[in-house]
Amino acid sequence: MARQQAKARFRPVGDGSKHTSEDTFLREEMQLAFRNRGIPLEALRYPLTPTGMHFLLTHFDVPEVMEESWLLNVGGLVSNPLTLTLAEIKSRPSRTVPVTLECAGNGRALLQPRYISQPWLTEAVSTSEWTGTPLKGILDEAGVSDKAVDILFTGLDQGVQSDIVHYYQRSLNLAEATRDEVLLAYAMNGEDLQPQHGYPLRLIVPGWYGMTSVKWLDSIEAIPRHFDGYQMDQTYRYTVSADRPGEPVTTIRVRSLMVPPGIPEFLTRTRLVKAGQITVSGRAWAGRQSVSRVEFSDDDGMSWRDAELGEQVGEFAWIAWSYRWDAKAGRRFLRVRATDSDGNVQPSAQPWTLLGMGNNMTQRVEVIVSKPAPC
Ligand SMILES: Nc1nc2c(c(=O)[nH]1)N[C@H]1C(S)=C(S)[C@@H](COP(=O)(O)O)O[C@H]1N2
Ligand SMILES: [Mo]
């Protein structure tokens, strides 16, 4: 009886009964989306994202790594260049740090017009416990010259973007590279890195968007200038036009997500919830800042109520939140928004940028609340 009622009232905004669409995503976007998966939002329930569910972003191909001959080269403007085996790196002092990584392009596909790239909606975020040796110790041992400006990290993966053939490379300035929390990580959730996450060694830069955490490290080089390679200066920028440089994308902006409550409609993902008290929960994070507040709305952001903050998984990892929601029958648009310790609040609409980077507008979840079954 109750089941039939629920079925009759289920009318999502998207049309789940229609099996064709004019809301076209390009084949190129679909190819990228298969290679680079996000988390199912229900995975937000885990403090540490199970390794196999961690989101993935690989620009080119997962490179073939020759395990026996793999070495990390540390050179450039250093007095004592190093060549380290994985065993040598593993025998150095180690730290294990839970870190929330988010792709800078998360939310891109919600923008209009949409930049053609990995079409993330909201799901490019995960938290893992990374184990590695602090980069600072290695840089100290290599003796970085005071002429060095940037530390350049080169991955083993090579490809072409905007007609430029290049290895995946990013740099950090010296002050950023020598922060205590920056790791050369060889383990994720207590196990060797999986191939797609950077085996045998990757950089982990807590608080920064994911592009900085270079996978499949091949070399680390101290250089006398700002690195201006493709992945550094020609993308990962906040810009509104292709001929304006804009600002570089750096640390993660405050954001929160909920585990969509109830049950989903297969195609639209609209939710079906029974009227009454239910607990809605999720995670919030803010890069290097902490999350000071999370609020919940069931009227599409017209009014907000404070959610309760729960376990903070780590200094650079997300915090749990929950809200006791009195679900009243009808169509509801749920939103959640977080505020960071600097007072930055998630916007309800995203200011448009060309590359669709650093999006943090409030998540919107459509819910159909069915009337309680008659007794
Ligand atoms: N060598 C290399 N490192 C890389 C990338 C890459 O394509 N090649 N992608 C970056 C981007 S954009 C992100 S968001 C993170 C994703 O890390 P994950 O795939 O382990 O989740 O890796 C970063 N490190
Ligand atoms: Mo990314």
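Conventions and cut-offs
- Residues numbered from 1 in each chain as written.
- Chains lettered and ligands numbered in written order.
- Predicted model: local features only at pLDDT ≥ 70, side-chain atom pairs only at ≥ 80, totals over all residues.
- Heavy atoms only, no water.
- Pairing = 2+ DSSP bridges.
- Helix = DSSP H or I, 4+ residues; strand = E, 2+ residues; numbered from the N terminus.
- Buried < 20%, exposed > 50% of the residue type's maximum accessible area, 1.4 Å probe, protein only.
- Arc of directions from axis to C-beta.
- Phe/Tyr/Trp six-rings, centres within 6.5 Å; stacked < 30°, edge-to-face > 60°.
- Lys NZ or Arg CZ within 6 Å of the ring centre and 35° of its normal.
- Contact = heavy atoms within 4.5 Å.

### Comments concerning the sheet that holds strand 21 (residues 330–340)
Part 1 of the argument: Taking strand neighbours across the sheet as the criterion, the six strands line up as 14-15-22-21-17-18 in an open arrangement whose pairing is mixed. With one partner strand each, in any of the chains shown, strand 14 (263–264) and strand 18 (305–306) form the two edges of the open sheet.
Part 2 of the argument: Here six bridges tie strand 17 (residues 291–297) to strand 21, and the two strands are oriented antiparallel to one another. Bridging across to strand 21, Val-291 finds its partner in Asp-340.

### Focus: helix 4 (residues 135–142)
Part 1 of the argument: Leu-135, Ile-138, Leu-139 and Ala-142 are the residues of helix 4 that are buried. Axial view of helix 4: buried residues confined to an arc of 100 degrees, hence all on one face.
Part 2 of the argument: Just downstream of helix 4, Gly-143 is the residue with a positive phi angle, here 70 degrees.

### Quick look at the packing of aromatic side chains
Part 1 of the argument: On inspection of all chains with the given rule, the structure shows four aromatic pairs.
Part 2 of the argument: Against the face of Phe-25 rests Arg-114, its NZ or CZ located 4.0 Å from the ring centre.
Part 3 of the argument: Positioned above the aromatic ring of Phe-333 is the side chain of Arg-364, whose terminal nitrogen or guanidinium carbon lies 4.0 Å from the ring centre.

### Observations regarding the pairing of strand 15 (residues 271–274)
Part 1 of the argument: As judged from the two bridges shared by strand 14 and strand 15, these two strands associate in the antiparallel manner. The partner of Pro-264 across the bridge, within strand 15, is Arg-271.
Part 2 of the argument: Relative to strand 22 (residues 363–370), strand 15 is paired through four bridges, and the arrangement is parallel. Residue Leu-272 lies in a different strand from strand 22, and its bridge partner there is Ile-368.

### Comments concerning the environment of Leu-48
Part 1 of the argument: With respect to the element layout, Leu-48 can be found in the loop between helix 2 (27–35) and strand 1 (72–76).
Part 2 of the argument: Given the relative accessible area of 28%, Leu-48 is considered partly exposed.
Part 3 of the argument: Through-space distance from the C-alpha of Leu-48 to that of Trp-130 is 11 Å; in sequence the pair is 82 residues apart.
Part 4 of the argument: Apart from the residues lying within four places of it in its own chain, the contact partners of Leu-48 are Pro-98, Thr-127, Ser-128, Glu-129, Asn-189 and Val-313.

Nothing here speaks to function; it is all geometry.
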